[in-house]
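Here is how the chains run, residue by residue.
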Amino acid sequence: MAALICEVVYRGIFQKNLAARIARGIVLSARKSGRWGIAFGRYGDSPQRNGIPAKDFAIVADSKEELEQNMARYEPKHTDVTIVLDDTLAKGVESWAWYGLQPINRLTVPHGTVLMTSLQSFDELLKDIHKKDAIYTLALVRARASFSGLWVYREDHTEVRILGALARIAPSFLTLDGVGQAIKEIEWGSDLKVESAKKAYGRIETREVKITEGSAEIPFSFGLPKWWEMREGVTIPAIPVGKPKEGGKGYVPERNPYFKKYTSRTMRPVIDFDKCVKCTLCWIQCPDSCFDVMPDGTYDANMEACCGCGVCEAVCPVEQCITMVNESLFEDNASQWEMWRTDKDRYQAWMAGKIGDKVATVRSHGFRFRGQYEQELKRDLDTGGVEITAGIPGENAQHKTV
Amino acid sequence: MAVATKAAPAAAEDKELLISGSEAVAEALTLADLDVVTAYPIRPYDTVMQAIAKKIANGQLVAEYIVAEGEHSQFEIVKHASTVGARVFCGSSGVGWAYAMECLVVTPPLRVPMVCLVGNRALDDPGAFGVEHNDALFVRDLGWMLCWIDSSQEALDTTLIAYRVAEDRRIFLPCAISADGAFLTHSQALTLVPPKEKVDTFLPRYNRGDLLLHPDNPITVAPQANEDWVIEIRRQNDEAMKRASTVIEEAYADFRRVFGRAPDNPWFEEYMTQDAEVVLVGMGTISLPIKVAIREMRAKGKKVGLVRLRWFRPFPTEKLVAALSKAQAIGVIDRDYSMGSPFMSGVVANEIRAAMYNADRRPPLLSFISGLGGREVTLEDVYKATEMCYGAAKAGRSDAKTHWLGVRD
Ligand code: SF4
Ligand code: SF4
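These remarks concern the structure in this document. On a predicted model such as this, the values are computed, not experimentally measured, just so you know.

Reading the values: the criteria
Residues numbered from 1 in each chain as written. Chains lettered and ligands numbered in written order. Predicted model: local features only at pLDDT ≥ 70, side-chain atom pairs only at ≥ 80, totals over all residues. Heavy atoms only, no water. Helix = DSSP H or I, 4+ residues; strand = E, 2+ residues; numbered from the N terminus. Contact = heavy atoms within 4.5 Å. Near = heavy atom within 4 Å. Nonpolar A, V, L, I, M, F, W, Y, C, P; charged D, E, K, R; others polar. Buried < 20%, exposed > 50% of the residue type's maximum accessible area, 1.4 Å probe, protein only. Phe/Tyr/Trp six-rings, centres within 6.5 Å; stacked < 30°, edge-to-face > 60°. Pairing = 2+ DSSP bridges.

On to the environment of B:Ser82, then. Residue and element names in this part refer to chain B. Considering the arrangement of structural elements, one finds Ser 82 in helix H3 (residues 71-83). A C-alpha to C-alpha distance of 17 Å links Ser 82 and Val 67, two positions 15 residues apart in sequence. Sequence-distant contacts of Ser 82, that is, excluding residues within four places in its chain, are made with Val 88, Val 112, Pro 113, Tyr 206 and Arg 208.

Moving on, we get to the site of ligand 1. As a matter of local geometry, ligand 1 sits amid 14 residues, with A:Cys286, A:Cys306, A:Cys309, A:Gly310 and A:Cys312 nearest to it. Per-class residue counts for the shell around ligand 1 are twelve nonpolar, two polar and no charged.

Okay, the environment of A:Glu66 next. Residue and element names in this part refer to chain A. Tracing the chain through its elements places Glu 66 in helix H2 (residues 64-71). The class of Glu 66 is partly exposed, set by a relative accessible area of 24%. Separated by eleven residues in sequence, Glu 66 and Lys 77 place their C-alpha atoms 15 Å apart. Among all residues touching Glu 66, those that are not within four sequence positions of it are Ala 2, Ala 3 and Ala 61.

Time to look at the packing of aromatic side chains. Within the structure shown, the criterion is met by 20 aromatic pairs over all chains. Measuring from centroid to centroid gives 6.4 Å for A:Tyr74 and B:Phe183, while their planes differ by 70 degrees, and the two rings are edge-to-face. Of this pair, A:Tyr74 sits in the loop between H2 and strand E4 (79-84) while B:Phe183 sits in the loop between strand E7 (175-180) and strand E8 (187-193), which puts the two residues in different chains. Each member of the pair, A:Tyr74 together with B:Phe183, is buried.

Among the seven residues that make up E8(B), six are buried, leaving the element largely enclosed by the rest of the structure. Pairing between strand E2 (residues 36-41) of chain A and E8(B): three bridges, direction antiparallel. Within E8(B), the residue paired with A:Phe40 across the bridge is B:Ser187. As paired elements, strand E1 (residues 15-20) of chain B and E8(B) share six bridges and run antiparallel to each other.

Here it is in structure tokens:
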């Protein structure tokens, strides 16, 4: 290997700065061993949108000529290391650039590495990660999805821990010393961060993933038309109108078949249909028109369309009727209403399992109140555990506090 | 008593930074001690504004940063600032550049040495961010100096050179530097940033002299004129553009002397053209896949070379003709279009055709259009173009057609 190609997959806005720092850190660390490098974001992404999966890349090479080979590309066709900054991205990513759903390990080379920050077990993660027809290594840095957005930067050391772990994965490109020197020299450097990088180097957990392991889901994809097949005048057909759900009742709108948005989701709404008073607020306020109207007048959030913004939870007037739950607790996009209709008791039990998990219901879209970060970080540092904190008052806050 | 000689600048070293093309321009502006910059965001140009804003916020640059209400006023403001003696910077992309067109038009006749960055972007519709060169090419007939770059280093160096040339009293014309959206504006590469002392040696203060708008120098700029005056004004500008050829060569030579780098030939980069049978021509970062493809093809015995055009205005006619007429076939890859033009070719292909008209030796010239809207120009695209050029070389004639590469057909 004479070049090391890394992608950094992150959540738009929430992790934009974090990803950029990691990509820069990789190049600057490798520079310490005389390598050349570039760092860039995928231009077709739109990382200014909440939660949308986006990518940065870092490429380092032995010579300028080898680097040029990679600079000539819009984006790498394969990566030696796929860095994933939020484990809900394990389900795959759909870029704003309309590529269909890409498994998180799609670009990872055979015997390459997927390096992820996660508190989940390997087996839990492999329920989400798609199968790959080649062996690769899943490597974990034990951490929650870090929030390092456009306007604030969360100094939780995630960037240096990733760099430290990468020094373990690709020692011929990034030495731990090189990483340490780079961290100190760049703007966000400190001795404490060098220490964190070293710890991550020592604590990284790895597991080889066989071709039989992973989710068997076939990711949705679509072909692109030829120039003469496209309608002229930059015109595309409108989404057709929908139809009643069944028996002339309810209403299910048609949706964009090419852009489904659900990989933008870090949390999803879980709806208690027994509590619903059919007030229509969720249906009206959902910015992505996700709600299908059911024949009984309740509203089912379509999980292929939902981007997990949490608006429905915020507007629902009934206490604990809609609860946002960490996406990693789910394995498919099946209809909740259908599950509820089939067996109401089983649904209640299933729902209790989801919304009763306090860790899962406060997975933050960011900071919900001033001081949240300090609280969480202190608890993390003191105990190594995960602090559970309240949501915004009014958003079922009391039920979310442990 | 002897006249005090200026102390030699301290031998400060270049700093190596990991920065994008846009950030490299901001470094150059800081070194050039920019006075006035106006800003109005459009992707990918906005990356430059952000980088300059950061420089100012960090106290590294003291400059007037004016947020305009649109591209039109943005260019109008710096035009006026320049007439009162300020070193100015501005820029835009795609339709933003188009929206400023009225101001872009008046800048050369008023002899305003504005330096701009065009982050090349496809024109709407469709709304898209990727690179196409048609935006900067809008002003190709109007007295703007135009050049294209292909690395962060070249972005930094060319910005300094552009001020030196534009602000030369023999010229006083605006200069737009074009950087391919994404490939340059958003990609960070290791770049050498020279110390300020060196830049001060290379780049004198802007001196507007007799054209300075100032109470001590009472003048009126841009009075209304009728047919008795206009053609003479155009002729003056034409002469200034002519002189730019000499001044650009001087500037590059001096840059080399001060900074120890800069090409011998400012006008275009020649890559493996010495013995080349087929010479490909392009502008901007399209050089990257072409160079890689050339190395691959040479390994298989095919003698292919690249001429990467840096300066499009003034167009280096004689030098380019001399370089290209040695080839057996020329393949011009345009990242732009010129619909309805001769042979329906791209702008660069037709410029080169025109330039070659009086040449004694005119190799077959093939025209290609590729990479529009930021589409990656692949090695396969380059191989395909080269094969067609070999075909034309063998036949001894061009096919008088334009070939689109990388389009889904
Ligand atoms: S979280 Fe609720 S409001 Fe937001 S997209 Fe999903 S269903 Fe709609
Ligand atoms: S907002 Fe709540 S109560 Fe109102 S329709 Fe939606 S789920 Fe039912």
